[in-house]
Amino acid sequence: MATLAPPSFKPLNPNLGSGPCSKRPGFNEFRDDSKVLGRSHRAGLCKKRINLATAETLRLLGCPATYQAGFLPVSDAPAVELLAWALFSDAAPVTVCHPPTPNPATAAALVEKNLRSLGVPFTSRTDTKEPTDPKSDVFFAWTCPVTGTTTPDAAWIPDAREGLVVCDATSACFSEQLPWEKLDLALVSLHAVGGEPGAGILVVSPRAAARLEQAAAARPLPKIFRILGKGVADVCAGNVINTISMMTVEDYLKCLGWAEAAGGVAGMCARVAENGAAVDRFVEGNKSFVQYSCEPAARRAKSCVLLTVTPPKGGSVKALLAELESSGVAYDIDALEDNQIRIGCGCTVDAVDITRCLEWLKYCATGKQTATPPAPSSNRFGSGPCKKPPGADWFLDTYNSAGRTSDTPAGKAAVKRALDLTTEVLKCPPGYRACIVPGSDTGAVEMLIWSLLGGRKVDVFHWESFGTQWASDLKLLGVECNSYKGEYGQLPDLSKADKENDLLFTWNGTTSGVKLPNGDWIPQDRKGWTICDATSAAFAQDLPWEKLDLTTFSWQKALGGEAGHGVIVLSPKVLDYLRSASPVRPVPDSFNLCGGVADRLVTGSTLCPVSMLSLNDYVTCLRWSLPFDGAAGLKRRTEANFSAVKAFVDRNQWASFLAEPAENASTTSVCLVLKAADGAPLPEAGLKAMLAELDSLKVAHDINSYRDAPAGIRIWCGCTVDALDVALALDWLEYVYAKCT
């Protein structure tokens, strides 16, 4: 082919990957020094940042050189459940260690609840003075924020042991020096050093890695729980199981940079000790109305201190907390018990602010009879998620919610506003409600499969890798189903849909570039549920909501939000059903929508903490869409981008849509097949060379086809991309094609 001159202009935004997707035009709420936002976590640059975050975690925490670490697609309670489901079985004894005062809200209680539902026998204990059985797997939380207790030492863990010791170190990492040689698997929280929830880090000893690599699953596992076999090696190599927010990774790296400058884990522990000393001084001088809730002192948590308060002027602790919050002095210090408060004393909190917060507590509790104390410089005292590091300046806190938890009245109200705005922008019918769930879109779909499907036959229609994953999940669970598969580029026979059966399908094949033309094939008088994975269709394509009972998507796709959280839109019919329903099989708590759970979620509750940075980014995305008339305007932007691709295909015989017929081509994840000059398929080496050059020129990032799909390119044309950038990127594709062929 004749050599072409290079085009005169490059795209302003070269991020054309299909997930995570380009940030919206004008995005400026986060300082993206590494230029990774809006890019795929699979890109080489992003994987380097992911691996840097885990390597720095291991180094700063002082883990042995032979230990590995990797990101999990969930954090907090779902991460605990991931380990319980993947690891524990009746093949080895299991011991669950509780804090001195057992509580149903603890991680240990959650593990026992899951083991009971799975029929796995276990031994329960609260005493950590006597050694555990060396043959037993052991689960415990080093620090329990619910009871305000910690584990004083690891003398009770045998040095010579066959079983694995699994530690929830969420509230202890970066606050205490942990005996890593005694811990085989440990959950590390990003928010312990001021990072965001939504993803966690798993630290893995050589013993644990060997066992996980050799283990076979004792039961069917959701995709986001699959760390066995080669899964653990993949995770520790930076290949996340599902997806991850690069904003979360970058925010965490900046928090780690602050921790390094402050003296590493030794410096963090010193800061926590200073905070504890400030609480000690206050309690010692105010014993008449404040006491520690936990005795002896050796068992008190260091990062989250629980105090029992008896207001000397009467009244409730709840009213006292409301006054502190309304004064802007202290947020999120409530505890489970009505007469207690919980002060976050983690490494990102300053001791002077602890002192000022407690002086305000005394000032309000005693009827404001003294001079008004100085206010803390920061009012973030929550115990998880925690305060951002001092001096954090890399994000714009538009909604004044950074460092706060979603599990408070203010947090739930913020979530509820996001959910209401979601259904408004999508123009859902009256009565349709939305909720936020962990694990991104994959977690949302698997939640529905695991908890709802199996009571009747399922018709699953799939024509790309994610739909095929859902079909595999059904077979794994032994659900009677009809599997209707279309090859890449083609739809299956939609006329096979049976109104008596549940329907499961993707609306838009993200990895195949094929979308459904409409919903006419869905029976109007159906008896089964319709479950629609709309992750790359929502906000871009028309959806027949009146025919969809459960619709899932994630923030990272069409609106350019962040990965890690999923959304489910529920019809009134399914909401009514879920109120009295039970899961059709044992499921993790984080997968359960039944028994009134869905009603709580659609009003702003969440199954685990939500990243407020990611939530705020999503809300800003939704508000950005309003001047475009919401979903209708976003669809017009998407179709303008697709038209640029279609014009390119029309004028270049060597490029064609993977979709057959072309009328079914996706308007968001547009998949193209490239041919050589003689009409034969373009050799893989030539394709790779083209993609590498486009990437190095900063013209088009992450446009390679999905790893399971036919070789080609995939261009994201969702609403956050501008049509001019698409057209310019395609001009460069034409130039590079001529150069490389």
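Residues numbered from 1 in each chain as written. Predicted model: local features only at pLDDT ≥ 70, side-chain atom pairs only at ≥ 80, totals over all residues. Heavy atoms only, no water.

### Re helix α10 (residues 409–426)
Let me state the cut-off plainly: Secondary structure elements are defined from DSSP: runs of H or I of at least 4 residues count as helices, runs of E of at least 2 residues count as strands, and each element is numbered from the N terminus. A helix is expected to span 1.5 Å multiplied by its residue count minus one. Think of it in three bands: with a 1.4 Å probe and only protein chains considered, a residue is buried below 20% of the maximum accessible area for its type, exposed above 50%, and partly exposed in between. In this analysis, two residues are considered to be in contact whenever any of their non-hydrogen atoms come within 4.5 Å of each other.
End to end, α10 covers 26 Å across 18 residues, agreeing with the expected 26 Å (1.5 Å per residue, within 8%). Within α10, burial applies to G411, A414, V415, A418, L419, L421, T422, T423, V425 and L426. Contacts from the buried residues of α10 go to β13 (433–438), β20 (550–554), α14 (597–601), α15 (612–625) and α16 (631–651). In the segment just after α10, K427 is the residue with positive phi, at about 55°.

### Quick look at the pattern of salt bridges
Definition in use: Here a salt bridge means any side-chain nitrogen of Lys or Arg lying within 4 Å of a carboxyl oxygen belonging to Asp or Glu.
As enumerated under the stated definition, the model contains 49 salt bridges in all. One salt bridge connects R456 with D502, and the closest N-O pair in it is separated by 2.7 Å. Here D502 lies in strand β16 (residues 502–506) and R456 lies in the loop between α11 (440–452) and β14 (458–462), a separation of 46 residues in the sequence. On the accessibility criterion, R456 (32% relative accessible area) is partly exposed. The class for D502 is buried, based on a relative accessible area of 1%. Its salt-bridge partner being K635, residue D542 comes within 2.5 Å of it at the nearest N-O pair.

### Quick look at the side chain of S383
Here S383 is to be found in the loop between α9 (351–365) and α10. Classification of S383 by relative accessible area gives buried; the value is 14%. Excluding residues that lie within four positions of it along the chain, S383 makes contacts with C304, R342, I343 and G344.

### Examining the packing of helix α8 (residues 317–326) against α9
Definition in use: For helices, the fitted line uses only the C-alpha atoms of the stretch in contact; every axis is such a line through C-alpha atoms, and the angle between N-to-C directions lies from 0 to 180 degrees. If an angle is under 35 degrees, it is roughly parallel; if it is over 145, roughly antiparallel; if it lies from 65 to 115, roughly perpendicular; otherwise it is oblique. Crossing handedness is defined as follows: a turn of the near helix away from the far one that is anticlockwise and smaller than a right angle gives a left-handed crossing, while the clockwise case is right-handed. For this classification, the nonpolar set comprises Ala, Val, Leu, Ile, Met, Phe, Trp, Tyr, Cys and Pro, the charged set comprises Asp, Glu, Lys and Arg, and every other residue, Gly included, is treated as polar.
Direction vectors running N to C along α8 and α9 enclose 120°, while the axes themselves pass 10 Å from each other. As far as their axial angle goes, α9 and α8 are oblique. You can see that α8 and α9 cross each other, and the crossing is right-handed. Residue-level inspection shows L320, E323 and L324 of α8 in contact with α9, the latter providing W360, L361, C364 and A365. Each residue belonging to the contact of α8 with α9 can be placed in one class, and the counts come to six nonpolar, no polar and one charged.

### Considering the pairing of strand β15 (residues 481–485)
Applied cut-off: One bridge is not enough; two strands pair if DSSP finds at least two bridges between them. Crossover handedness is defined by viewing with both strands directed away from the observer: a clockwise path from the first strand over the helix to the second marks the crossover as right-handed.
Pairing analysis gives five bridges linking β14 to β15, with the strands arranged parallel. By the bridge assignment, F461 is partnered in β15 with Y484. Traced from β14 through helix α12 (residues 465–476) to β15, the parallel crossover comes out right-handed.

### Some thoughts on the sheet that holds strand β10 (residues 290–292)
With antiparallel pairing, the three strands of this open sheet are ordered in space as β10-β11-β12. If you trace the sheet from one side to the other, it starts and ends with β10 and β12 (340–344), each paired once. Ignoring which end each strand starts from, the neighbouring axes of this sheet average 35° apart. With three bridges joining them, β10 and strand β11 (residues 304–309) adopt antiparallel strand pairing. In the strand pairing of β11, Q291 is matched with T308. Seen against the sheet, α9 touches β11 and β12 and runs at an angle of roughly 160° to β12.

### Structural notes on the packing of helix α6 (residues 246–261) against helix α7 (residues 264–285)
Between α6 and α7, the least distance of the axes is 7 Å, while the angle of their chain directions is 80°. Classified by the interaxial angle, the pair formed by α6 and α7 is roughly perpendicular. Residues W258, A259 and E260 of α6 touch α7, and the partners they reach there are G264, M268 and R271. Residues that form the contact of α6 with α7 fall into these classes: three nonpolar, one polar and two charged.

### With respect to the sheet that holds strand β1 (residues 68–72)
Reading across the sheet, the seven strands line up as β1-β9-β8-β7-β4-β2-β3 and stay open at both edges, with mixed pairing between neighbours. Sheet topology places β1 and β3 (123–125) at the edges, where each strand pairs with a single neighbour. Across the sheet, the mean angle separating the axes of adjacent strands is 20° when strand polarity is ignored. Note: strand β8 (residues 185–188) against strand β9 (residues 200–204), four bridges, orientation antiparallel. Within β9, the residue paired with V188 across the bridge is I201. Sheet strands in contact with helix α1 (residues 44–61) are β1, β8 and β9, and its direction is about 125° off that of β1.

### Quick notes on unusual backbone geometry
Cis geometry is adopted by the peptide bond preceding P296, which originates at E295 and carries an omega value of 0°. Following E660, the chain continues into P661 via a peptide bond in cis, with omega recorded as -5°. Relative to the helices and strands, P661 resides in the loop between β22 (655–657) and β23 (669–674). The backbone of S440 shows a phi angle near 60°, a positive value even though the residue is not glycine. Within the secondary structure, S440 sits in helix α11. Although it is not a glycine, K698 sits at a positive phi angle of roughly 60°. Structurally, K698 is set in the loop between α17 (684–696) and β24 (713–716). A relative accessible area of 56% means that K698 is categorised as exposed.

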